[in-house]
Amino acid sequence: MQQFLTYTDRSCPIRLAELPHAEYTAFFETMQTYLASGLRCAHYFATPDHGGAYTIYAVLLDDETHSVRIGTATAVAAAPIPSLTAIYPAMHPFERAIAETTTIRYADLPWDKPLRLPYDRTDRSQNPFNYPFYSIEGEALHEVHVGPIHAGIIEPGSFRFICNGERVLHLEIALGFQHRGIEHLMTATDNRLRQAMLAEAIAGDSSVSHGRTFAATIDALAGVQTSPRLAIERTIALEMERVAMHLADTGALCGDIGYQLGQVACEALRTITINTTQRWCGNRFGKGLVRPGGSYFPITAATVESIRTQMSDVKRRYLEIVNNLHATPSVLARFEDCGHLEMIQAEAIGAVGPAARASGLLRDLRSTHPFEAYADLAHEPVTETTGDVMARLNIRCREVPQSIDHIMTLLERVTETKPSEKPVFTQALAPASLAIGLTEGWRGEICHVAITDSDGRLAVYRIKDPSLHNWLGLALAVRGEGISDFPICNKSFNLSYCGHDL
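These notes cover the structure that comes with them. (Residues numbered from 1 in each chain as written. Predicted model: local features only at pLDDT ≥ 70, side-chain atom pairs only at ≥ 80, totals over all residues. Heavy atoms only, no water.)

### Section: the pairing of strand β5 (residues 53-62)
Argument step 1. For β5, a buried count of 10 out of 10 residues is recorded, marking the element as mostly surrounded by other parts of the structure.
Argument step 2. Neither face of β5 is left uncovered, since the one carrying Ala53, Thr55, Tyr57, Val59 and Leu61 and the one carrying Tyr54, Ile56, Ala58, Leu60 and Asp62 both have all their residues buried.
Argument step 3. Pairing of strand β4 (residues 40-48) with β5, which is carried by eight bridges, proceeds in the antiparallel orientation. Across the sheet, the residue bridging to Thr47 is Thr55, located in β5. (Buried < 20%, exposed > 50% of the residue type's maximum accessible area, 1.4 Å probe, protein only. Helix = DSSP H or I, 4+ residues; strand = E, 2+ residues; numbered from the N terminus. Pairing = 2+ DSSP bridges.)

As structure tokens, then:
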């Protein structure tokens, strides 16, 4: 069996020459063995090689040993190759992306529809308006199409429902209307600051999460070791982002069922949280706060006191809201037993983050692959078992006070460490090397993979937002529900259009 490289120290790059390499057949067998043993795929992509061949990169996570395994293979486009998706459905977004953007073809890929219709797709005749939606024939059935333009400020996406009366039989989601080309933009410039700002724009509500993932990836390639103070600051920023977005989601769910007290109270607490972030770095969403090598906004005594005061108040008031939610029968009646994503489904599609934890899956990089200051926090993931809208809400209800407790613990440790350095934008990157950034954002697992050329320039930059895995979870959760329950199912996942549409 072709052995993958076990990568335990993600603060250092890997020389490309050290990566195990195999022909696709042997690689395919190894992937089957690893996936069957419980390893899961964090990233999987192909880059063009010479003479019409491609190099496939696989990044697998071993949650038991807290390690990462990496392997590569050569795939020649001359003949179709076997599909892993046919055996492990969680591989579907990766193989669909490969089929869409390369000349590689799969012999048995069960779902070869476009994933995101990127600007560089090989079949230019495919576009968002001839997307091959699934259909079911029947006199009692009708279709409802929502989007791509929505009645609000959300980004474009199409939702095609097949219904029997009010009951949803099938939902298919089509994204890919923006063609942003962010991965290409990352390699089209050598300006490290511009790259950092692009990372923050991958998903604007996850600026800290994606910004931190980029910074960690570049720090590894540059050989820059994160100082204890910087690790603490980044972790506090991540947890504040989590608190703010969980508050927003709680409020949005309340708003969708007409529970206005919960909505406005959560909106007020979210405002307090993001305004606290703004006092720290000048931006409510934490843009500019995380940079490679250091920080322009080292945490000060005044910042510590501001965060401590405001977050203590947010926790106290949020727990009151949570108590009211759980004591209101009309709220429980709408959220309970609605929008089920069973554990077996979540595992099959590779669900991550709160959506996975609400279905009983322990998917939390803060625990299984600790980074920054999480290794010293002994983080205990919050899980639920019912997998319904209420479970996904309860994950947020329990994680907000937990995140605030983490913040308070880290604030106590700030004074024990030296101030962080200024950001570094001019460090040379290791040539012909690969580095991986992993972050548990508030939506779930984020993975960035960077590959440099022989001159140390970024040649490949691949991004995975957690929404890539979880959009299919939303489509499964709404089956059998009334179409009027789609808004709360959708809000309970709160997935990113732009994070998917790279």
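### Describing the side chain of Ser67
Argument step 1. Positionally, Ser67 belongs in strand β6 (residues 67-76).
Argument step 2. Judged by its relative accessible area of 3%, Ser67 falls in the buried class.
Argument step 3. A distance of 2.7 Å separates a polar atom in the side chain of Ser67 from a polar atom in the side chain of Thr65.
Argument step 4. In this view, Ser67 contacts Thr6, Tyr7, Thr8, Leu60, Leu61, Asp62 and His369; residues no more than four positions away in its chain are not counted. (Polar contact = N/O pair within 3.5 Å; in protein donor to acceptor, adjacent residues only side chain to side chain. Contact = heavy atoms within 4.5 Å.)

### A word on helix α4 (residues 192-200)
Argument step 1. Every buried residue of α4 is accounted for by Arg192, Gln195, Ala196, Leu198, Ala199 and Glu200.
Argument step 2. Along its buried surface, α4 packs onto α3 (182-187), α5 (207-222) and β12 (458-464).
Argument step 3. Capping the start of α4, Asn191 holds a side-chain oxygen 3.0 Å from the backbone nitrogen of Leu193, two or three residues further along.

### A word on the sheet that holds strand β8 (residues 158-164)
Argument step 1. Ordered by their spatial adjacency, three strands build an open sheet running β7-β8-β9, and the pairing between neighbours is antiparallel. Edge positions in the sheet fall to β7 (141-146) and β9 (167-174), since each of these pairs with one other strand and no more. Each strand of the sheet is rotated relative to its neighbour by a mean of 20°, with strand direction disregarded.
Argument step 2. Two elements, β7 and β8, share six bridges in a ladder whose sense is antiparallel. Across the sheet, the residue bridging to His145 is Arg160, located in β8.
Argument step 3. Against the sheet, helix α14 (residues 467-477) engages β8 and β9, with an angle of about 160° to β9. (Axes fitted to C-alpha atoms, helices over the stretch in contact; angles between N-to-C directions.)

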